[in-house]
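As a plain string of letters, each chain reads:
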Amino acid sequence: MKDSQAKATLLSNYKIPDFLINETLLKFELFETHAIVDSSLQFFRNVEGADELVLDGQDLELISLEIEGQPIPAGSYEVTESSLTILNLAKILNKDPDKFTLKCVTRIEPQNNTALECLYKSKRMFCTQCEAEGFRRITYYLDRPDVMSKFTTTIIADKASYPTLLSNGNLVASKDLDVDGQDSVRHLATWEDPFKKPSYLFALVAGNLSCKEDVFSTASEREVALKIFVEDKDVNKIDHAMDSLKRAMKWDEEVYGREYDLDTFMIVAVDDFNMGAMENKGLNIFNTSCVLANPLTTTDAAFQRVEAVVAHEYFHNWSGNRVTCRDWFQLSLKEGFTVYRDAEFSARMGSPVVKRIEDVSFLQTVQFAEDSGPMSHPVRPDSYIEISNFYTVTIYEKGAEVVRMINLLLGDAQFRKGSDLYFERHDGQAVTTEDFVCAMEDSSGEDLSLFRRWYSQAGTPRLEINGHYDESEKTYTLDVSQSCLPTPGQDKKLTFHIPLKIGLLDKLGNDMPLLQRENEELLEIDCVLNVTNENQRFVFVNVEESPIPSLLRGFSAPVTLGFQYTREELSFLAAHDNDGFNKWNAGQLLFLDVIDELLKMNSNNENLFIPSCLYTTFNCVLESALTNQECDKALLAYLLTVPSIPFLIERSDVANVSALYKVREFILESLAFRFKIELERIYFDTAESLINPLSVSGDDIGRRMLKNLCLSYLAYTDKGLSLCESQLRSSRNMTDQTAALRGILNSGDENAEVLRESVVLEFYERWKDEPLVIDNWFSLQATSSLPGGLGRVETLLSHEAFTLKNPNKVRALIGAFCGQNANNFHLPGGEGYKFLADQVLKLDAINPQIAARLLVPLTRFKKFEPSARALMLNQINRIKATNSLSKDVFEIVEKCTI
Ligand SMILES: [Zn+2]
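Criteria and thresholds
Residues numbered from 1 in each chain as written. Predicted model: local features only at pLDDT ≥ 70, side-chain atom pairs only at ≥ 80, totals over all residues. Heavy atoms only, no water. Helix = DSSP H or I, 4+ residues; strand = E, 2+ residues; numbered from the N terminus. Rg over C-alpha atoms; globule rule 2.2 N^0.38 Å. Buried < 20%, exposed > 50% of the residue type's maximum accessible area, 1.4 Å probe, protein only. Areas by Shrake-Rupley, 256 points an atom, 1.4 Å probe, with all protein chains shown as cover. Donors = N, O, S within 2.8 Å, 3.2 Å for Na, K, Ca; no water. Axes fitted to C-alpha atoms, helices over the stretch in contact; angles between N-to-C directions. Parallel < 35°, antiparallel > 145°, perpendicular 65-115°, else oblique. Left-handed = near helix turned anticlockwise from the far one by under 90°. Contact = heavy atoms within 4.5 Å. Nonpolar A, V, L, I, M, F, W, Y, C, P; charged D, E, K, R; others polar. Pairing = 2+ DSSP bridges. Expected span 1.5 Å × (residues − 1). Phe/Tyr/Trp six-rings, centres within 6.5 Å; stacked < 30°, edge-to-face > 60°. Lys NZ or Arg CZ within 6 Å of the ring centre and 35° of its normal. Salt bridge = Lys/Arg side-chain N within 4 Å of Asp/Glu carboxyl O. Core = buried A, V, L, I, M, F, W, Y, C linked by side-chain atoms within 4.5 Å. Disulfide = S-S within 2.5 Å.

1. Things to note about the overall build of the chain
Scanning the chain from terminus to terminus reveals 28 helices and 33 strands. Rg of the C-alpha trace for the chain: 29 Å, near the compact-globule value of 29 Å for 898 residues, within the 12% margin. For the chain, the C-alpha atoms occupy an extent of roughly 90 × 75 × 60 Å along the three principal directions. A total of 898 residues make up the chain; the buried ones form 58% of that total. For the chain, the computed accessible surface area is about 36100 Å², with 49% contributed by carbon and sulfur atoms.

2. As for the coordination of the zinc ion
Only His312 (NE2), His316 (NE2), Glu335 (OE) and Glu335 (OE) from the protein coordinate the zinc ion, and they sit 2.0 to 2.7 Å from it. Linear spacing of the donor residues for the zinc ion on their chain is H-x3-H-x18-E. There is no split in this pair, since His312 and His316 are both buried.

3. Considerations on the packing of helix α19 (residues 734–746) against helix α21 (residues 771–782)
Between α19 and α21, whose axes approach to 10 Å, the crossing angle comes to 25°. Of the possible angle classes, the one that applies to α19 and α21 is roughly parallel. Crossing geometry of α19 relative to α21 is assigned as right-handed. Only Val773, Asn776, Trp777, Leu780 and Gln781 of α21 make contact with α19, whose side of the interface consists of Met734, Thr738, Leu741, Arg742 and Leu745. Taken together, the residues that form the contact of α19 with α21 break down as six nonpolar, three polar and one charged.

4. Thoughts on the environment of Gln364
Locating Gln364 in the fold gives a position in helix α5 (residues 352–371). The residues touching Gln364, leaving out its near neighbours within four places in the chain, are Phe555, Phe647 and Glu650.

5. Examining the sheet that holds strand β30 (residues 528–531)
Read from one edge of the open sheet, three strands run β30-β27-β32, paired in antiparallel fashion. Here the strands that pair on one side only, and so sit at the sheet edges, are β30 and β32 (548–551). Geometrically, the sheet is characterised by an average inter-axis angle of 35° between neighbouring strands, direction not taken into account. Across four bridges, strand β27 (residues 498–505) lies against β32 in antiparallel orientation. Residue pairing in the sheet places Leu505 in a bridge with Ile548 of β32.

6. Overview of the side chain of Ser785
Relative to the elements of secondary structure, Ser785 occurs in the loop between α21 and α22 (789–797). If we skip the residues at most four places from it in the chain, Ser785 touches Tyr661, Asn746, Asn821, Asn823 and Asn824.

7. Topic: the sheet that holds strand β11 (residues 125–129)
Strand order in the open sheet formed by four strands is β10-β11-β16-β13, and the pairing between neighbours is antiparallel. Because the sheet does not close on itself, it has two edges, and the strands there are β10 (118–122) and β13 (164–167). With strand direction ignored, the average angle separating the axes of adjacent strands in the sheet is 20°. Where β11 lies against strand β16 (residues 204–207), two bridges are found, and the strand directions are antiparallel. Within the sheet, the bridge partner assigned to Cys127 lies in β16 and is Val205.

8. Observations concerning helix α15 (residues 657–674)
Along an α-helix, a turn takes 3.6 residues, which lines up residues three or four apart on a common side. For α15, spanning 18 residues, the distance from its first C-alpha to its last is 26 Å, which sits close to the expected 26 Å at 1.5 Å a residue. Restricting attention to buried positions, one finds in α15 the residues Val657, Ala659, Leu660, Val663, Arg664, Glu665, Ile667, Leu668, Ser670, Leu671 and Ala672. In this fold, the buried residues of α15 make contact with α11 (580–603), α12 (612–627), α14 (645–651), α16 (676–689), α17 (698–714) and α24 (822–825).

9. Points about the packing of aromatic side chains
Within this structure, the stated rule accounts for 44 aromatic pairs. An aromatic cluster is present here, built from Trp251, Tyr256, Tyr260, Phe265, Tyr314, Phe315, Trp318, Phe337, Phe345, Tyr422, Phe423 and Phe436 joined pairwise through their rings. The cationic tip of Arg341 hangs over the ring face of Tyr256; the distance from NZ or CZ to the ring centre is 4.5 Å. Across the ring face of Tyr615, the terminal group of Arg674 is positioned such that the distance to the ring centre comes to 4.0 Å.

10. Quick look at the side chain of Asn602
Within the secondary structure, Asn602 is located in helix α11. Contacts of Asn602, omitting those with residues within four sequence positions, involve Leu608, Ala659, Lys662 and Val663.

11. Topic: the pattern of salt bridges
A complete count under the given rule lists 62 salt bridges for this structure. Among the salt bridges present, the one from Arg651 reaches Asp596, with a minimum N-O distance of 3.1 Å. Taken together, the positions of Arg651 in helix α14 and Asp596 in helix α11 put the pair 55 residues apart, joining distant regions of the chain. Looking at Asp596, the relative accessible area reads 28%, which means it is partly exposed. Residues Lys834 and Asp838 are paired through a salt bridge, measuring 3.1 Å at the closest nitrogen-oxygen approach. Of the two residues, Lys834 and Asp838 both sit in helix α25 (residues 831–844), four residues apart, roughly one turn of that helix. What you see here is one network of salt bridges that share partners, running through Asp56, Glu133, Arg136 and Asp143.

12. Let's talk about the pairing of strand β25 (residues 462–470)
Consecutive side chains of a regular strand alternate in pointing toward one face of the sheet and then the other. In terms of strand pairing, β25 meets strand β26 (residues 475–483) through nine bridges, oriented antiparallel. Bridging from a neighbouring strand, Leu463 pairs with Gln482 of β26. Counted along the chain from β25 to the antiparallel partner β26, the turn is four residues long, and its residue Lys474 has a positive phi close to 55°. Two strands pair when backbone bridges link them, and β25 and strand β33 (residues 560–562) are joined in this way by three bridges, in the parallel orientation. Residue pairing for β33: Leu463 is matched across the bridge by Leu561.

13. Some details on the nonpolar core
Membership of the largest hydrophobic core comes to 287 residues, with the highest contact counts inside it found for Leu30, Phe43, Leu478, Phe540, Ile667 and Ile814. Per-element tally for this core: the top contributor is α11, with ten residues. The residues touching Ile814, leaving out its near neighbours within four places in the chain, are Leu797, Phe802, Leu804, Lys809, Phe835, Leu836, Gln839 and Leu854.

14. Looking at the state of the cysteines
If you walk through the whole model with that rule in mind, you get zero disulfides. Of all cysteine sulfurs in the structure, the one in Cys118 sits closest to Cys104, which takes part in no disulfide; the separation is 15 Å. Judged by its relative accessible area of 2%, Cys104 is buried. Counting only cysteine sulfurs, Cys710 is the nearest neighbor of Cys724, a cysteine outside any disulfide, at a range of 12 Å. Taking the relative accessible area as the measure of exposure, Cys724 reaches 1% and is therefore buried.

15. Structural notes on unusual backbone geometry
With an omega of 0°, the peptide bond between Glu131 and Ala132 qualifies as cis. Relative to the helices and strands, Ala132 is located in the loop between β11 and β12 (149–158). The phi angle at Asn519 is positive, at roughly 45°, despite the residue not being glycine. The residue Asn519 is located in the loop between β28 (515–518) and β29 (521–524) in this model. The exposed category is assigned to Asn519, whose relative accessible area is 73%.

16. Digging into the environment of Phe126
Note that Phe126 resides in strand β11. Classification of Phe126 as buried rests on a relative accessible area of 0%. The residues touching Phe126, leaving out its near neighbours within four places in the chain, are Leu30, Phe31, Pro110, Gln111, Leu119, Tyr120, Lys121, Tyr162, Leu204, Val205 and Ala206.

Spelled out as structure tokens, the structure:
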């Protein structure tokens, strides 16, 4: 670790750039050992009197440097590890440096780039990933998002090896080049992007790819060519991405009034990719896992992910590209807004309630954990050492919740007016989250001054609510108090503006009117209460009977909630709440209450038993599954799902993993035995209703979800293993095969061992040519909760299909094991922690971004008992003591040990 690397960048130090770049001309010559990058940049002065040009640049070999056609004499510029500075511009130019052209040639080695940033090679393909600061490893540049320039890019490469040459914008020239004395023919393509963009949106691809084409007619009747490029073997897996793209384009026109602006929109699928996908202008680059989909090889969850990610990246064309971020502290400006947009899109395409349940479960499990750990940071952070570490669930998912709250406070019509104003006012600009909030305020007249604290304060606020019914006055009173625990660097929190959506249910489960008295007048109020003070009282009048409150409907704010419900009330809400999300949530609260009771029994060495109310509630859901064919099957599946171990860990003050695991297994097993007949009936009925095994319609995905949820319970019974085996052998659908294999890999049945070995081998042999299926296969083994998990994962590290160089493989095996297999990862001797630290150190030398992400489970040390906490911290300290750590990993271990 070098001192220079550990320096934090601060929001408070932001200064506008001294110079801007009007035009960027790039020429890439790609060879098998290296690449030559020729850049010609037209600068103009942005700050009066500026006379020194500081460009970003890293790991570059500078070949030549010219200004206004003249070489710059040595001594007039300085090169360091991270910059190139040209001193005394006026003197070199013999005039004020108001406008000048700088030409620069650099040499880079994409072939040796394992970090998968900037320009690198994935298999036989050259591709780029420039966000956030990769472009500076291509050439010297003002590599910051508030410098927006027009790009023209020429790519030259061997024609036989790289017939496809792509960059941003429109293709303006392509031709073969004759080179005397060379056998192979090189060719050239020139792309021109008419829209100004920051360097992080630059993209280049050179490879041998097959393309699927389609056309989209925009609302103003322009034809846009849509092209998805993949390896030849994958052309049968891109229909779903293409359909998703067209749906997303149409939705963005209808819901946000946003049309696409170029003649062509391209997506390229890449095997080795650090993230899900990247929204480069007109040329999105995707991890294959987020674009390829075919029911024979792809699970339903992956199908839904493809649709969501294709939409997300497409939506960035406006929320991110046309209007971009001023600096990286504003990352949530584009990510929070775009995640919100893609979530609403997915909700509209499928079941809104189920989408909300999935998003909130993820937020509560992963973002709440981040908020209570050492990496806690606001939606708009104040400082960072390595910006790659801030592509977090807080920036993305909590950022989306913040936008969702603005929409709730303003209402749909005003929110749309606000987003129209935002796009109109800031088109072509690099702006801040403050500009976004201002546009929302200016268009609606709402005062969001208190609300802004959601951007600047970290931590998860808590609401404590008490309800009181006054029989004689016919009033119902809610006393609401809010608080938020300190987070690193923020000891005291100011109050938040929390939209609290509620309903009051009568005995039949109907919503009562919400009436308040104001100056003797009776007002029917909106169901969203504005909680802005530390303590606040809301009194409802003319309440004819004691109501059951339904609180925080639709999860109207990213907070935790304390309200003393009885189990009867929770059962009632789980059966009757008109808000689908709260219906599910009430069932989860009941599970949690029972889990807490069982944990107490367990710690007192008492025999565990399930209270009858849980059986009653569970039975009620099963009955609606059996009798009502119309109900949402995916929602039913979620209503029958016991909270996950990672979620249980997150909500514990101090988690005892083995006790949580034991109690959770006891509940699953008890429910499975008690309701074996019903679960079997639902399983077979649903299986029968699935007429086409390869259909991925929303309804059929829901059916499979319910069927396989039943299978996961039945796996605890004597018939479980044979059911799983027959489903695995008979099904052609990958979701069904995955569920069956998971059942076998987690089965404690004594006959399972031999079967396990054979099905694991068979599955591998069958799918070894499909890397994404093999990722799934690694994950299924890595998350098996049977004892001995660490040993199994260690063995798989040397499997022929595994490599640390491919991020998908790393996530599928190591990431899944450490993040989702709690009882095998948290071994009492700390072997799991040591394993993770070993892998992080190995990876850090290859790919620092992925190493830093992988480290996350160790950063949750505060959640565990003192002995486990100490063992986790030992490993963090061991990493910290290692020489030459990347900034990425250094920043995280540093924050853990403050
Ligand atoms: Zn994004």
